Amino acid sequence: MALAGDQRFDVMLTDLQLPDVDGIELVKRVKEVSPGTEIIMITGYGSVAVAVEATKAGAFDFVEKPINFDRLRVSINNALALRQQREE
């Protein structure tokens, strides 16, 4: 959280289950301090309801574990492309 407020990040990868804060709550907080950061949520506890909640909170994408790295790469590239479009 502190880094998101102090530095500019194009894309952030985060897990749904974190030791200090719920991943959905983290998405909300990061979007408040850094609305341009695209956030990709990663989880081993996915469901349609959780994916919808993450998206409503501001997540760009929702990737389930085990991670398909080709899919993750596509998601990151799409997030970067969106970020670049917004800057133009």
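Higher on the page you've got the structure.
Residues numbered from 1 in each chain as written. Predicted model: local features only at pLDDT ≥ 70, side-chain atom pairs only at ≥ 80, totals over all residues. Heavy atoms only, no water.

**Q** What am I meant to see in the sheet that holds strand 2 (residues 38-43) here?
**A** As summarised here, the arrangement of the 3 strands in space is 1-2-3, forming an open sheet in which the pairing is parallel. Two strands lie at the open edges of the sheet, namely strand 1 (11-15) and strand 3 (61-64), each paired on one side alone. On average, each strand axis in the sheet is inclined to that of its neighbour by 25 degrees, with strand direction left out of account. Direction of pairing for strand 2 relative to strand 3: parallel, over a ladder of 4 bridges. Residue pairing across strands places isoleucine 42 opposite valine 63, the latter belonging to strand 3. Contacts from helix 2 (residues 23-33) reach strand 1 and strand 2 within the one sheet, and its direction differs from that of strand 2 by about 175 degrees. Contacting strand 1, strand 2 and strand 3, helix 4 (residues 69-87) crosses the sheet at an angle of about 160 degrees to strand 2. (Pairing = 2+ DSSP bridges. Helix = DSSP H or I, 4+ residues; strand = E, 2+ residues; numbered from the N terminus. Axes fitted to C-alpha atoms, helices over the stretch in contact; angles between N-to-C directions. Contact = heavy atoms within 4.5 Å.)

**Q** What is the right way to look at the pattern of salt bridges in this model?
**A** Any two side chains of opposite charge can pair, on the condition that their charged atoms come close. Under the criterion given, the structure shown has 9 salt bridges. Ionic pairing is found between aspartate 10 and arginine 8, a salt bridge with its closest N-O pair at 2.9 Å. The exposure class of aspartate 10 is partly exposed, given its relative accessible area of 28%. Assessed through its relative accessible area of 54%, arginine 8 is described here as exposed. Linking glutamate 87 and arginine 83 is a salt bridge whose minimum nitrogen-to-oxygen distance equals 3.3 Å. Taken as a pair, glutamate 87 and arginine 83 lie in helix 4 at a separation of 4 residues, close to a single helical turn. In this structure, a network of salt bridges that share partners links the residues Arg8, Asp10, Arg83 and Glu87. (Salt bridge = Lys/Arg side-chain N within 4 Å of Asp/Glu carboxyl O. Buried < 20%, exposed > 50% of the residue type's maximum accessible area, 1.4 Å probe, protein only.)

**Q** I would appreciate a short explanation of the side chain of glutamate 38 in the present structure.
**A** Structurally, glutamate 38 can be placed in strand 2. Of the polar contacts made by the side chain of glutamate 38, one reaches the side chain of arginine 86; its length is 2.4 Å. Not counting chain neighbours up to four residues away, the residues in contact with glutamate 38 comprise Asp10, Val11, Met12, Lys31, Phe60, Ala79, Leu82 and Arg86. (Polar contact = N/O pair within 3.5 Å; in protein donor to acceptor, adjacent residues only side chain to side chain.)

**Q** Before we go on, may I ask you to explain the environment of asparagine 77 in this structure?
**A** By secondary structure assignment, the location of asparagine 77 is in helix 4. Judged by relative accessible area, which is 44%, asparagine 77 ranks as partly exposed. Between the C-alpha atoms of asparagine 77 and valine 11, which are 66 residues apart in sequence, the distance is 9.5 Å.

**Q** Explain the pairing of strand 1 to me, please; I cannot follow it from the model alone.
**A** Bridge analysis of strand 1 against strand 2 gives 5 bridges, and the strand direction is parallel. Directly across from aspartate 15, in strand 2, lies its bridge partner isoleucine 42. In this region the chain leaves strand 1, passes through helix 2 and returns to the parallel neighbour strand 2; the handedness of that crossover is right-handed. (Right-handed = clockwise from strand over helix to strand, strands pointing away.)

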